[in-house]
Amino acid sequence: MKKICKPCLIAFSAIVLLLSLLCISFLHKFTGGIAEIEDTPDLTITKKAEIINELGLLKGFCSDSLIPKLDSILTREELASLLVSLLGLPVDSSSASSFEDVSSQAQPYVNVAESLKYMTGDGNGHFNGSEPISKKAFFTTILRVLGYQADDISKNLKWLICVEGFEEMLNQNLNKEATTKGYAIDKLFDLLTKTPLNSESSLIEQLVDKAVVSKKTYLKHEYYFITSFRKNEATSFIPRLLEFNKSKFEVVYNDIDKYEIQIKYSRVMRQQDNTPVLQSYSFNTTSNQYFYPASTVKLPICLLTLEKVNALKTLSNINASLNNLLKIEASEHFKDTLSIKAHINNIFSFSSNSSYNCLYQFLGCGSIMSSLKEKGYSKTRICSQIIDSTCYDPNGNSHSFSLSLFDGVDAVYRQNEVWSNTNPFPLELNGISKGVGHIKNGKLVNTPISFNNSNYISLDDLHKLTVSAILPECLEKEARFRIKSEDSDFLKECMKNSSFTNKLFFCGKATPYPKELSIYNKYGEAYGYLIDTAYICDSERNVEFFLSAVIHVNKNQIYGDNRYEYTSVGYPFMQEIGWIFYNYTFDQSISFSP
């Protein structure tokens, strides 16, 4: 054996150390500081099997002999048994299978797996229960559990590798390789930390909620599940995509925290009956870091306005409509007398602050907040008008003036003035005070600006509001707005604007959209914050997704001086993000058209 020279050994050690530090830095950057996970030893497969068994999720006929035989081959009926047990599904031990080639012990489990379409027979009345299950069939089964319908993995190969972390699917011999029990346990343990389509909690969390798994027992092992989940998150879809495309926005990529980047992405997957299903992924949206939402608060105001007009008509039997003129009895502050339809159109056409303030008065702060809270938008606070020279009253945040709706010359609805208390809606977030100075009454004040009494919408809530406006059927009923179909169509037409109001894709430039590309959005920009939330649909290429993003560009940390890096940093970043997610979604070859 050749000797390794000492200088070479030192150099090699230095390189290893440097790579380790870079890896930890990368994990810290993209996961809010999860580098401590590097100190956690990887769970062995045996340990994973013991944890699953202790949780009571190995009750199938193969459980007694599973742990000591992790290197043996897993059969199809054993997988059915293992999967049904793992998911805590009820089993009727007396039920007989329609398949003759399934052992009597496995029949109840195969019945459940088949009824949920997790596993199927060969079409000729055979389940082939005693045959080994290939890794391709194993992964297909897991994907069905997560809500994916496509049997052909290759249709969604890139997506599943990035999102679900199934790198093994690149193996060309996947269909030939048999699955061992140990390999299955390893992947099924990770499966418990994953979130199925159209669900907001992981499988293990669902099992605890349903009392299938004892909370006490789960808490004993929670650390391992959280560690496993966070390790997967560190290399999940969005961070991988950002790293792969970092050359397109290197300045921002190299200082993610400084620019306060947040991203929310939901791919729309159409089922065979055209029902939309969302697969959502977030980046930095749970940071509890305040950002000023600017004009994006106008989207929920429009949704609530449409809902209120509908309620006046259907519940109160008032002849209200979007064509009614809205007159606020405070002419010195609210000079515009426009129809509700005109106000909503103005909000999306040129982000009218005046129209927002009028609709804010129509709804009232207390009503706005209670309605949003009832619908589950718990990380949203709309308690302030937006300053506008033609339509603004500094006392109007908590005071709604008396107003009327007119149908021609006749008033169809009158609303008395209302006082609301905005104090019950505090902001419990980081970064409420920002910067080193701000402009007040035209002069620089060398103290941070406070957003303690300002509006706020978390990116998660904003994204969900956009889904509610475009594809409400993707959300639980409580999160939807009670709006007539024709009013919903009107709102969508308003949101489908020219590229001038769109920061994703076109940097807000007055550039015509490609005819096949439809974008419905609401953007906002103020105090160096640039936010856009959008639904993107290209029916010719079967591309359909929601995308919301925020970036903060205020280099001098002075607020209100209008010296922000929108043009040099903000707009180019948003444009690149839009096309990166478009091109990625385009690569996925979705089976059904939007």
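Cut-offs applied
Residues numbered from 1 in each chain as written. Predicted model: local features only at pLDDT ≥ 70, side-chain atom pairs only at ≥ 80, totals over all residues. Heavy atoms only, no water. Buried < 20%, exposed > 50% of the residue type's maximum accessible area, 1.4 Å probe, protein only. Helix = DSSP H or I, 4+ residues; strand = E, 2+ residues; numbered from the N terminus. Pairing = 2+ DSSP bridges. Arc of directions from axis to C-beta. Contact = heavy atoms within 4.5 Å. Salt bridge = Lys/Arg side-chain N within 4 Å of Asp/Glu carboxyl O. Axes fitted to C-alpha atoms, helices over the stretch in contact; angles between N-to-C directions. Parallel < 35°, antiparallel > 145°, perpendicular 65-115°, else oblique. Left-handed = near helix turned anticlockwise from the far one by under 90°.

Enquirer: Just to check I follow, could you spell out the pairing of strand β3 (residues 325–328) for this structure?
Expert: Every regular strand shows the same layout, with side chains that alternate between the two sheet faces. Here β3 shows a buried face lined by Leu-326 and Ile-328 and an unburied face lined by Leu-325 and Lys-327. Bridge count between β3 and strand β4 (residues 338–339): 2 bridges; the pairing is antiparallel. Bridge pairing in β4 places Leu-326 opposite Leu-338.

Enquirer: Please clarify how helix α15 (residues 365–374) should be interpreted in this entry.
Expert: Taken residue by residue, α15 has Cys-365, Ile-368, Met-369, Ser-371 and Leu-372 as its buried positions. Along the long axis of α15, the arc covered by the buried residues comes to 165°, so they all point the same way. Turned more than 90 degrees off the buried face of α15, the exposed positions are Lys-373 and Glu-374. Taken together, the buried residues of α15 touch α12 (298–314), α14 (353–363), β5 (380–381) and β6 (399–400). Positive phi shows up at Gly-376, right after α15, with a value of about 95°.

Enquirer: How should the pattern of salt bridges be read in this particular structure?
Expert: Oppositely charged side chains can form a pair if their charged atoms are brought close together. Applying the stated criterion to the full structure yields 15 salt bridges. In this structure, Asp-190 and Lys-48 form a salt bridge, with 3.7 Å as the shortest nitrogen-oxygen distance. Taken as a pair, Asp-190 in helix α7 (residues 181–191) and Lys-48 in helix α2 (residues 45–54) lie far apart in primary sequence, 142 residues in all. Residue Asp-190 is classed as buried on the basis of its relative accessible area of 17%. With a relative accessible area of 7%, Lys-48 lands in the buried category. Of the charged contacts, one joins Asp-460 and Lys-264 as a salt bridge, the two residues approaching to 3.1 Å between their closest N and O atoms. Placement of Asp-460 in helix α16 (residues 459–470) and of Lys-264 in strand β1 (residues 262–270) is noted, with a sequence separation of 196 residues between them. With respect to class, Asp-460 is no different from Lys-264; both count as buried. Taken together, the shared-partner salt bridges connect Lys-48, Asp-186 and Asp-190 into one network.

Enquirer: Please explain the packing of helix α5 (residues 135–145) against α7 as it appears in this structure.
Expert: For any two helices packed against each other, the geometry comes down to the angle between their axes and how far apart the axes lie. At a closest axis distance of 12 Å, the pairing of α5 and α7 adopts a crossing angle of 20°. By the angle between their axes, α5 is roughly parallel relative to α7. The handedness of the crossing between α5 and α7 comes out as right-handed. Where α5 abuts α7, its residues Lys-135, Phe-138, Phe-139, Ile-142 and Val-145 lie against Tyr-183, Ala-184, Lys-187, Leu-188 and Leu-191.

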